[in-house]
Amino acid sequence: MANEGRIALVIGGSRGIGRAICLRLARSGFDIWLTYKSNHQAAAEVKGAVEGIGRSCDLLAFDVADYEQTREALESKADKRAPDVYVYNTGIARDNLMVWLTKEEWDSVLATNLNGFYNVTHMVLFPMLREKRGRIVVVSSVSGQIGQAGQVNYSASKAGLIGAARALAKEVGKKNLYVNVVAPGIIETEMTNDLPRDQIRPLIPLGRFGSTEEVASVVDFLCTEEQMYVHGQVIGVNGGLTV
Ligand SMILES: NC(=O)c1ccc[n+]([C@@H]2O[C@H](COP(=O)([O-])OP(=O)(O)OC[C@H]3O[C@@H](n4cnc5c(N)ncnc54)[C@H](OP(=O)(O)O)[C@@H]3O)[C@@H](O)[C@H]2O)c1
């Protein structure tokens, strides 16, 4: 397998889209470093599934919003062996209309979705630059591209990730580090369980929600394609929602 012996660091890999990314990259031959916050059972289940594919899976539990926890979990590990692929997938939503949006709802979403990206990237970027090759994929959202009512905090964090990834692409492209963003639309996960499906489906040109595997396949392409001239781009995986 072309990617045998390579490592993919998947931030937020225990559930939903992150779980599908771990399994897809494992099938492409990567050993996985799976990070999550606290759902040990879900993480252990993904580890078992990755091992079932024949790859190894290291579990790392820490809060990406906490710089010290992130440093402790990743700094020396990444320094000893840089990941070949790094996917920043962690994200939370705390939806509310702006007039009622609490300081805690704003701060917690920005801390996890955007500050977390700084915290993790700060630990892994230098080792990845040293290798002079690698792939970084950031999972944003359609909300970060077009904005979503009730999600001023979430949309800001996801738009921030797009800006950060584009700037990073300009910094590290010449070091053979590819940086791209995947922006999912509405995907079948716990995050979208409570949405009013019958009202939303007609707004999607494909007429259905996406699957986690359909996001993972795009991430996999960005992480594995050898004929690669895609860099600094935002790839929508949204069934045409932004058309
Ligand atoms: N679902 C959608 O329709 C949709 C649409 C557009 C974009 N997205 C984006 O896609 C990504 C994945 O979404 P999802 O629905 O699959 O999410 P999910 O099922 O809620 O999983 C989130 C993952 O992130 C981890 N996590 C959450 N907060 C964390 C923290 N503070 N520190 C460390 N890890 C943390 C979780 O760990 P635990 O298991 O320990 O909690 C879990 O592994 C997110 O960035 C989301 O914003 C999703």
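Numbering of residues starts from 1 in every chain and runs along the sequence as written. Where totals are concerned, whole chains, interfaces and linings use all residues; where local detail is concerned, this predicted model gives features only for residues with pLDDT of at least 70, and gives and counts side-chain atom pairs only at 80 or more.

Draft legend 1. The arrangement of the overall build of the protein chain in detail. The helix count covers DSSP runs of H or I at least four residues long, the strand count covers runs of E at least two residues long, and both are numbered beginning at the N terminus. Tallying secondary structure elements over the protein chain gives 8 helices and 7 strands in all. What you see for the protein chain is a C-alpha radius of gyration of 17 Å, in line with the 18 Å of a compact globule of 243 residues. If one aligns the C-alpha atoms of the protein chain with their principal axes, the spans along those axes are about 45 × 40 × 35 Å. With C-beta atoms placed from the backbone, a residue counts as buried when 20 or more other C-beta atoms lie within 10 Å of its own, as exposed when 12 or fewer do, and as partly exposed for counts between those limits. Burial analysis of the protein chain (243 residues in total) assigns 46% to the buried set. We call two residues in contact when their backbone-placed C-beta atoms lie within 7 Å. Considering only contacts within the protein chain whose residues lie at least 6 apart along the sequence, 73% involve residues at least 24 apart. Just to be clear, the radius of gyration here is over C-alpha atoms, and the globule rule we use is 2.2 Å times residues to the power 0.38.

Draft legend 2. Summary view of the packing of helix H1 (residues 16–27) against helix H8 (residues 212–224). Contact geometry of H1 with H8 gives a least axis separation of 8 Å together with a crossing angle of 50°. Classed by the angle they form, the pair H1 and H8 counts as oblique. Like other packed secondary-structure pairs, H1 and H8 cross with a definite hand, here right-handed. Counting all contacts with H1, which are made through Gly 16, Ile 17, Arg 19, Ala 20, Ile 21, Arg 24 and Leu 25, the residues of H8 involved are Thr 212, Glu 213, Val 215, Ala 216, Ser 217, Val 219, Asp 220 and Cys 223. Three classes are used, and their members are as follows: Ala, Val, Leu, Ile, Met, Phe, Trp, Tyr, Cys and Pro are nonpolar, Asp, Glu, Lys and Arg are charged, and the others, Gly among them, are polar. For the contact of H1 with H8, the residue count by class is 8 nonpolar, 3 polar and 4 charged. Angles shown run from 0 to 180 degrees and are taken between the N-to-C directions of axes, each axis being a line fitted to C-alpha atoms and, for helices, limited to the stretch in contact. Should an angle fall under 35 degrees it is called roughly parallel, over 145 degrees roughly antiparallel, and 65 to 115 degrees roughly perpendicular, with every other angle called oblique. Crossing handedness is defined as follows: a turn of the near helix away from the far one that is anticlockwise and smaller than a right angle gives a left-handed crossing, while the clockwise case is right-handed.

Draft legend 3. Expanded view of the site of the ligand. The rule is simple: place the C-beta atom from the backbone, and if it lies within 6 Å of a molecule or strand, the residue is near it. Among the 29 residues in the neighbourhood of the ligand, the closest are listed as Gly 12, Gly 16, Asn 39, Gly 91 and Ser 141. The leading source of residues in the shell around the ligand is H1, at 3 residues. A breakdown of the residues in the shell around the ligand according to their chemical character gives 11 nonpolar, 14 polar and 4 charged.

Draft legend 4. Quick look at unusual backbone geometry. Notably, Lys 132 is not glycine yet its phi reads approximately 60°, a positive angle. Within the secondary structure layout, Lys 132 lies in the loop between helix H4 (103–131) and strand E5 (134–139). Lys 132 gets classed as exposed once you count the C-beta atoms within 10 Å, which come to 10. With a phi angle near 70°, Asn 176 is a residue other than glycine that sits in the positive phi range. When you line up the elements, Asn 176 lands in the loop between helix H6 (152–172) and strand E6 (177–184). Asn 176 sits in the partly exposed class, given 13 other C-beta atoms within 10 Å.

Draft legend 5. How the structure looks around the nonpolar core. What we call a nonpolar core is a set of buried Ala, Val, Leu, Ile, Met, Phe, Trp, Tyr and Cys residues whose membership is set by joining through C-beta atoms within 7 Å. Of all hydrophobic cores here, the largest spans 61 residues; its most connected members are Ala 8, Cys 22, Ile 32 and Val 87. Excluding anything up to four places from it in sequence, Ala 8 contacts Leu 25, Phe 30, Ile 32, Pro 83, Asp 84, Val 85, Val 87 and Cys 223.

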